[in-house]
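# Summary of the model geometry
Here are the chains, one letter per residue:
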Amino acid sequence: MTTAQTAPPPSMRLRELVFGAACAAAVRAAARLGVADALDDSPLAVEDLAAAVKTEPKTLRRLLRALSCYGLFAERPDGTFAHTDMSRLLREDDPNSLRAIALWCTEPWTWDAWPLLDEAVRTGRNVVEDLYGKEFFPYLNEDAPESADVFNRAMTTSSVQSARDVAQFLDLSGSASVADIGGGQGHVVASLLEKYPALHGTLLDLPRVVDNVDPRLRAGGALADRTRLVPGDCRKAVPVRADVYIIKNILEWDDDSTTRVLRNVIAAGGPGARVVVIENLVDDSPSMRFSTAMDLLLLLNVGGAKHTTESLTGRLTEAGLVIDDVRPVNPYLHAFDCTIPA
């Protein structure tokens, strides 16, 4: 039976770290093979699992043995394998599934980009343009459509899951209207409108994003009569008036773009409007390993960055907002609750 080691010595821990790519690749392989979906509540012999996912039993055992060291799947004394809380998150049908996220973070382009991290650190620039001759999102949409599809599914999954937490966290009982700026497919707006039956919501995002909005917000949808869809670029203008503005996970661009978004929101909302900025932080967070890794990935693909509490506080106050409160939404998101002053 394979068990995860605890507190290895520094020399072994460093050896484990430099083989981190093997762990990521193993998670990707399990996700692509559908191992978690093939394994249900009852433990299975490797031979049965291999038949279900169409692999060789011996090599599948090697994959599962490696994953079980990290708590993904558990090898039992009789040689069968069972689910763990973590491996269930690789199932497509799990309500908290991270399968799409696991695939996105290990897409082919990531294996091209990570070895160039030293160059990105040296120059402060992304490496994707040098690798592929174009910016990241044009590359995805024009040259890697399968990866673009994985990205869209991963972002939808992440947005749906975090939207539930944001809706539970935010108290909008005294507000009549809310606007989600750069809100993607509108999962946050939809969750808030479901929570507050008298609330009206607006979603602002790029035209191609708004075209694929959550069905609840579309014409004929359950929330359509309380929803306004506004195609546009928030870095250019925010033509939306609301009591509350939500800005979630989009202030990861260069400083100029971040400042323009904040100033556009302030101009639109006017004195007294509430602005809630929700971001991953790379400090004061129980998810530091995740958020710092995402910070480096942003450097590699778009030249962006995650914020520290200090850096985001500085951006918000420099733009003219008054920060009233800072609280965690969940283990990986923090909310900066702000007001536009008179």
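Check the entry above for the structure.
These remarks concern the structure in this document. A quick note: this is a predicted structure, and the numbers were derived from the prediction, not measured.

### A closer look at the environment of Ile250
- In this structure, Ile250 sits in the loop between β6 (244–248) and α14 (255–269).
- The spacing of Ile250 and Glu279 is 29 residues in sequence and 7.9 Å in space, taken between C-alpha atoms.
- If sequence neighbours within four positions are ignored, Ile250 has contacts with Ile181, Gly182, Cys234 and Glu279.

### A short note on a nonpolar patch on the surface
- Side chains of Leu14, Leu17, Val18 and Phe19 sit close together on the surface and give an oily, nonpolar patch of about 460 Å² of accessible area.
- Along the chain, Val18 turns up in helix α1 (residues 10–18).

### Some points on helix α15 (residues 288–301)
- Taking 1.5 Å per residue as the helical rise, α15 with its 14 residues ought to reach 20 Å, and the 20 Å between its terminal C-alpha atoms agrees with that figure.
- For α15, the set of buried residues is Ser291, Asp295, Leu297, Leu298, Leu299, Leu300 and Asn301.
- Of the surrounding secondary structure, the elements contacted by the buried residues of α15 are α7 (108–113), α8 (117–123), α9 (128–132) and α10 (136–143).
- Looking one or two residues beyond α15, the residue adopting positive phi is Gly303, at roughly 75°.

### A short note on the nonpolar core
- Judged by nonpolar contacts, the single largest core of 41 residues is most densely connected at Leu60, Phe73 and Leu140.
- Broken down by element, the residue count for this core peaks at 5 residues, all from helix α6 (residues 99–104).
- Core analysis: the second largest hydrophobic core is formed by 28 residues, Ala179, Leu204, Tyr245 and Ala268 among them.

### Quick notes on the environment of Glu146
- Looking at the element boundaries, Glu146 is found in helix α11 (residues 145–169).
- Measuring from C-alpha to C-alpha, the distance between Glu146 and Glu107 comes to 9.6 Å, with 39 residues separating the pair along the chain.

### Quick word on the pairing of strand β8 (residues 322–330)
- The pairing of β8 with strand β9 (residues 333–339) spans 7 bridges and is classified as antiparallel. The residue of β9 that forms the bridge with Arg327 is Ala335.
- Turn length for the β8-β9 hairpin, with the two strands adjacent in sequence and antiparallel, is 2 residues.

### What about unusual backbone geometry?
- Of note, Lys54 is a non-glycine position whose phi angle comes to about 60°, a positive value.
- Looking at the element boundaries, Lys54 is found in the loop between α4 (46–53) and α5 (57–68).
- By relative accessible area, which is 75% here, Lys54 ends up exposed.
- The phi dihedral of Phe73 is positive, around 75°, even though this residue is not glycine.

### Quick look at the sheet that holds strand β7 (residues 274–279)
- Ordered by their spatial adjacency, 7 strands build an open sheet running β5-β4-β3-β6-β7-β9-β8, and the pairing between neighbours is mixed. What marks the edges here is a single partner per strand, and that holds for β5 (227–231) and β8. Each strand of the sheet is rotated relative to its neighbour by a mean of 20°, with strand direction disregarded.
- Across 5 bridges, strand β3 (residues 177–181) lies against strand β4 (residues 200–205) in parallel orientation. Within β4, the residue paired with Asp180 across the bridge is Leu203.
- The strands touched by helix α12 (residues 187–195) within the sheet are β3, β4, β5 and β6, with β4 carrying the most contacts at an inclination of about 180°.
- Its contacts with the sheet put helix α16 (residues 309–319) on β7, β8 and β9, and the angle it makes with β9 is roughly 25°.

### A short note on α5
- Counted at 1.5 Å a residue, the expected span for α5 with its 12 residues is 16 Å, and the 16 Å between its end C-alpha atoms agrees.
- Those residues of α5 lying buried are Leu60, Leu63, Leu64, Leu67 and Ser68. One side of α5 carries all its buried residues, which in axial view fall inside an arc of 130°. Turned more than 90 degrees from where α5 packs its buried face, Lys58 and Arg62 sit exposed.
- Those residues of α5 that are buried are in contact with α2 (20–33), α3 (35–38), α4, β1 (74–75) and β2 (81–82).

### As for the pattern of salt bridges
- The final tally for this structure, using the stated rule, is 20 salt bridges.
- As a salt-bridge pair, Asp93 and Arg91 come within 2.9 Å of each other at their nearest N and O atoms.
- Taking the relative accessible area as the measure of exposure, Asp93 reaches 53% and is therefore exposed.
- For Arg91, a relative accessible area of 12% corresponds to the buried category.
- For the salt bridge of Glu92 with Arg99, the shortest nitrogen-to-oxygen distance reads 2.9 Å.
- Ionic contacts of the salt-bridge type, sharing partners, join the residues Asp118, Glu119 and Arg122 into one network.

Cut-off values and rules
Residues numbered from 1 in each chain as written. Predicted model: local features only at pLDDT ≥ 70, side-chain atom pairs only at ≥ 80, totals over all residues. Heavy atoms only, no water. Helix = DSSP H or I, 4+ residues; strand = E, 2+ residues; numbered from the N terminus. Contact = heavy atoms within 4.5 Å. Patch = residues over 30% accessible without salt bridge, like charges linked within 9 Å, V, L, I, M, F, W, Y side chains within 5 Å. Areas by Shrake-Rupley, 256 points an atom, 1.4 Å probe, with all protein chains shown as cover. Salt bridge = Lys/Arg side-chain N within 4 Å of Asp/Glu carboxyl O. Expected span 1.5 Å × (residues − 1). Buried < 20%, exposed > 50% of the residue type's maximum accessible area, 1.4 Å probe, protein only. Core = buried A, V, L, I, M, F, W, Y, C linked by side-chain atoms within 4.5 Å. Pairing = 2+ DSSP bridges. Axes fitted to C-alpha atoms, helices over the stretch in contact; angles between N-to-C directions. Arc of directions from axis to C-beta.

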